[in-house]
Amino acid sequence: MITDLEYAYSPVRDRVRELREYLDRPRLEQQLASVEQQIADPAVWADAARSQPLMRERKRLEALLSEDRELERRAADVEAYFDLAREGEAVEPELETEIRNTEAFAESLETRTLLSGESDALNAIVTVHPGAGGTESQDWAEMLMRMYLRWAEREGFKTDINEIQDGDEAGIKSATFTISGENAFGLISGETGVHRLVRISPFDSAKRRHTSFSSVFVSPEIDDSIVIDIKPDDLRIDTYRSGGKGGQHVNTTDSAVRITHLPTGIVAGCQNERSQHKNRERAMKMLRSRLYEYELAKKQAISKKLEDSKLDINFGSQIRSYVLQPYRMVKDLRTRVESGDVDRVLDGGLAPFIRGYLKMRREGNIPAPIEDPAD
């Protein structure tokens, strides 16, 4: 039994060692001391554009140092249990539990260390649109929205539905929602792209296999430390009556707001709040975030505008396939990460796919999607 556990723990031990080498506690402590020195300067507090990023960086470094110490403690506990087991103590059940917990903690920490982008720490604004195909694609879009909301719940993030348009028979025509929490954008940013579903259609009386597509677009919810200059004359603000399924809380006033940035054509809308003022405030926040992404894309020398960078919602452009028939498999076509537990993935179990994307992003090697074997 002890030999089996030593064999099982060997890759975990290697991962812990590599992760602690990557974290490099002396380096983190030196960086934290430098940030603390800058924060101690009174002039910094007069400039929110300087102070807020420094405070975020201090929080990030303190968290990494705390987690490095926790990882060190967990690894030491496992080794202590191994010593007791070798001496003949009956601690195998406790040892097995410690190994599992240490592995899970190391995986979670490894994911967080992959988040170093300028916007990774921010909240995420997620938009889901169905592709062509009517009710089939609209139902798939709603399944994707549920998947991300369940993922956010698993991660302890807060979610707010900003705008949603119900489908004609089932599903949704579009939805925009905000996921709030530390590193929300960094974690979910790799979900941008086209997602493909293959299944026996619940809407087809002949029970034929159907392929549906929906697109997902993720942008960071920027904070006040990032200045986006929006001229009032560049905006068209439309109000309308919110749609919904009815009931006693149905919106009976024109409180929903849609804002169009005329120079770029970028649109943001919100219908979730009862107050037109609050809807306008949230729509402006989303517009600022989308304009930030637009400007960032230009700085990175992307030739097309932000909206043009989205892939066509059809065959050949998907980043991930979810196959329910004739076999069951979810496969990311960029990172090659796959899972046979489709139900778990659709219930928000996205950790392996997120970690796979972040690893390849760190290496600067996100490949084009491979040919889908389900085609």
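Everything below is about the structure shown above.
What counts, and at which threshold
- Residues numbered from 1 in each chain as written.
- Predicted model: local features only at pLDDT ≥ 70, side-chain atom pairs only at ≥ 80, totals over all residues.
- Heavy atoms only, no water.
- Salt bridge = Lys/Arg side-chain N within 4 Å of Asp/Glu carboxyl O.
- Helix = DSSP H or I, 4+ residues; strand = E, 2+ residues; numbered from the N terminus.
- Buried < 20%, exposed > 50% of the residue type's maximum accessible area, 1.4 Å probe, protein only.
- Pairing = 2+ DSSP bridges.
- Contact = heavy atoms within 4.5 Å.
- Phe/Tyr/Trp six-rings, centres within 6.5 Å; stacked < 30°, edge-to-face > 60°.
- Lys NZ or Arg CZ within 6 Å of the ring centre and 35° of its normal.

Asker: Which parts of the structure should I look at to understand the pattern of salt bridges?
Answerer: Note on pairing: side chains with opposite charge can pair once their charged atoms come close. By the definition in use, this model includes 36 salt bridges. Notably, a salt bridge pairs Glu 70 with Arg 73, separated by 2.7 Å at the nearest N-O pair. In this pair, Glu 70 and Arg 73 are both assigned in helix H3 (residues 48–86), three residues apart and thus about one turn of the helix distant. By relative accessible area, which is 23% here, Glu 70 ends up partly exposed. Between Arg 320 and Asp 332 there is a salt bridge, and its shortest N-O distance comes to 3.1 Å. Here Arg 320, found in strand E9 (residues 318–323), pairs with Asp 332, found in strand E10 (residues 329–332); they are 12 residues apart in sequence, far enough to count as distant. Across the pair, exposure class does not vary: Arg 320 and Asp 332 are buried alike. Three or more residues are tied together by salt bridges with common partners; here these are Arg 146, Arg 150, Glu 153, Arg 154 and Asp 347.

Asker: When you look at unusual backbone geometry in this model, what are you seeing that I'm missing?
Answerer: Note on backbone geometry: most residues besides glycine have negative phi, and most peptide bonds are trans. In this structure, the amide linkage connecting Gln 325 to the following residue, Pro 326, adopts the cis form with an omega of 10°. Take Pro 326: it is sitting in the loop between E9 and E10. Backbone geometry at Asn 183 places phi at a positive 70°, although glycine is not the residue there. As for its position among the elements, Asn 183 is in the loop between strand E3 (172–180) and helix H6 (184–188). Look at Arg 336: it is not a glycine, yet its phi comes out positive at around 70°. Along the polypeptide, Arg 336 turns up in the loop between E10 and strand E11 (338–339).

Asker: Mind showing me how you'd approach the sheet that holds E11 here?
Answerer: Spatially, E2-E3-E1-E5-E4-E9-E10-E11 is the arrangement adopted by the eight strands of the open sheet, whose pairing is mixed. Two strands in the sheet have a free side with no partner beyond their single neighbour: strand E2 (158–166) and E11.

Asker: I'm lost on the environment of Glu 155 in this one. Help?
Answerer: Tracing the sequence through the fold places Glu 155 in helix H5 (residues 135–155). By relative accessible area, Glu 155 is classed as partly exposed at 39%. Between the C-alpha atoms of Glu 155 and Gly 181, which are 26 residues apart in sequence, the distance is 8.9 Å.

Asker: So what exactly am I meant to see when it comes to the environment of Ala 268 here?
Answerer: Tracing the sequence through the fold places Ala 268 in strand E8 (residues 266–270). Considered as a pair, Ala 268 and Ala 283 are 15 residues apart in the sequence and their alpha carbons are 5.4 Å apart. Excluding residues that lie within four positions of it along the chain, Ala 268 makes contacts with Val 257, Arg 258, Ile 259, Ala 283, Met 286, Leu 287 and Arg 290.

Asker: Explain the pairing of E2 here, please?
Answerer: Each regular strand shows side chains that alternate between the opposite faces of the sheet. With eight bridges joining them, E2 and E3 adopt antiparallel strand pairing. Counted as the bridge partner of Asp 160 is Thr 178 from E3. Counted along the chain from E2 to the antiparallel partner E3, the turn is five residues long, and its residue Gly 171 has a positive phi close to 75°.

Asker: Teacher, can you tell me more about the packing of aromatic side chains here?
Answerer: The geometry of an aromatic ring pair is captured by two quantities: the separation of the ring centres and the angle between the planes. Taken as a whole, this structure holds three aromatic pairs when the rule is applied. Considering the side-chain rings of Tyr 9 and Phe 82, the 5.7 Å spacing of their centres and the 45° angle between planes classify their relative orientation as tilted. One end of the pair, Tyr 9, is in helix H1 (residues 2–23); the other, Phe 82, is in helix H3, with 73 residues separating them in the sequence. In this structure, Tyr 9 and Phe 82 share a single accessibility class: buried. Against the face of Tyr 240 rests Arg 258, its NZ or CZ located 4.4 Å from the ring centre. We note Arg 362 situated over the ring of Tyr 22; from NZ or CZ to the ring centre the distance is 4.9 Å.

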